[in-house]
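Residues per chain, in single letters:
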Amino acid sequence: MNIQWFPGHMAKTRRLLAENLKMIDVVIELLDARIPRSSKNPEIDEIIKDKPRVMAFNKSDLADDKVSKDWQKHYKSIGYSCIFIDSIKGTGINELKAMVNDAVKDKIDRQKQKGYVFRPVRTMVVGVPNVGKSSFINKIAGKASAVTGTGQE
Ligand SMILES: Nc1nc2c(ncn2[C@@H]2O[C@H](COP(=O)(O)OP(=O)(O)OP(=O)(O)O)[C@@H](O)[C@H]2O)c(=O)[nH]1
Ligand SMILES: [Mg+2]
């Protein structure tokens, strides 16, 4: 018997990620501030390759500040731009926007030199289930655009 272990929805998500990546300037990788390493999907690195990326550690309100500082130091030391955020209260969201703009600055400048008119920066938010993607999108968009979990599921 041939057992198909890789669930169809995962294969589909991977394909959608790869396809849509072409249109994207920066990937925002959402992680859980309490479990930065284990909330990471290692496949993301393979898929997004050298696309500019900002790591955002969400639910920082639930994490230990001292431990978070150590994680931030660690990720910065290996070359990632990362920030701790709270998608409910909005802590860190403005800094994150600045980091996203910073990550695309060179590309936008090059396009301006070529005569392209200004266009909005396009980002993709990725993260494991329940990490707070919908809450984050609602906060950064300034309106309810995505349905969030109730915390009961
Ligand atoms: N304390 C706290 N709770 C948060 C934060 N961000 C999200 N949550 C809560 O975490 C739960 C999941 O949030 P969602 O925004 O639905 O997460 P999601 O990643 O969109 O989940 P899926 O779409 O199911 O993958 C909800 O109960 C949110 O209220 C945060 O920064 N701090
Ligand atoms: Mg969601």
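Before reading on, note that the structure itself is shown above.
Description of the structure in this document. In this text the structure is predicted, and so the values were computed from the model without any measurement. (Residues numbered from 1 in each chain as written. Chains lettered and ligands numbered in written order. Predicted model: local features only at pLDDT ≥ 70, side-chain atom pairs only at ≥ 80, totals over all residues. Heavy atoms only, no water.)

## Examining the site of ligand 1
Part 1 of the reasoning: D61, S87, K133, S135 and G149 are the nearest of the 17 residues found near ligand 1.
Part 2 of the reasoning: In the environment of ligand 1, an oxygen atom lies 3.2 Å from a nitrogen or oxygen atom belonging to the side chain of D86.
Part 3 of the reasoning: Against a free-state accessible area of 650 Å², the protein chains account for coverage of 78% of ligand 1.
Part 4 of the reasoning: The dominant element in the shell around ligand 1, judged by the number of residues it contributes, is helix 5 (residues 133-141), at three residues.
Part 5 of the reasoning: Grouping the amino acids of the shell around ligand 1 by side-chain chemistry returns four nonpolar, nine polar and four charged. (Near = heavy atom within 4 Å. Polar contact = N/O pair within 3.5 Å; in protein donor to acceptor, adjacent residues only side chain to side chain. Areas by Shrake-Rupley, 256 points an atom, 1.4 Å probe, with all protein chains shown as cover. Helix = DSSP H or I, 4+ residues; strand = E, 2+ residues; numbered from the N terminus. Nonpolar A, V, L, I, M, F, W, Y, C, P; charged D, E, K, R; others polar.)

## Observations regarding the environment of A103
Part 1 of the reasoning: Looking at the secondary structure, you find A103 in helix 4 (residues 93-113).
Part 2 of the reasoning: By relative accessible area, A103 is classed as partly exposed at 31%.
Part 3 of the reasoning: Each C-alpha atom of the pair A103 and Y80 lies 11 Å from the other, and the pair is 23 residues apart in sequence.
Part 4 of the reasoning: With residues near it in sequence (within four places) discarded, A103 still touches V26 and P52. (Buried < 20%, exposed > 50% of the residue type's maximum accessible area, 1.4 Å probe, protein only. Contact = heavy atoms within 4.5 Å.)

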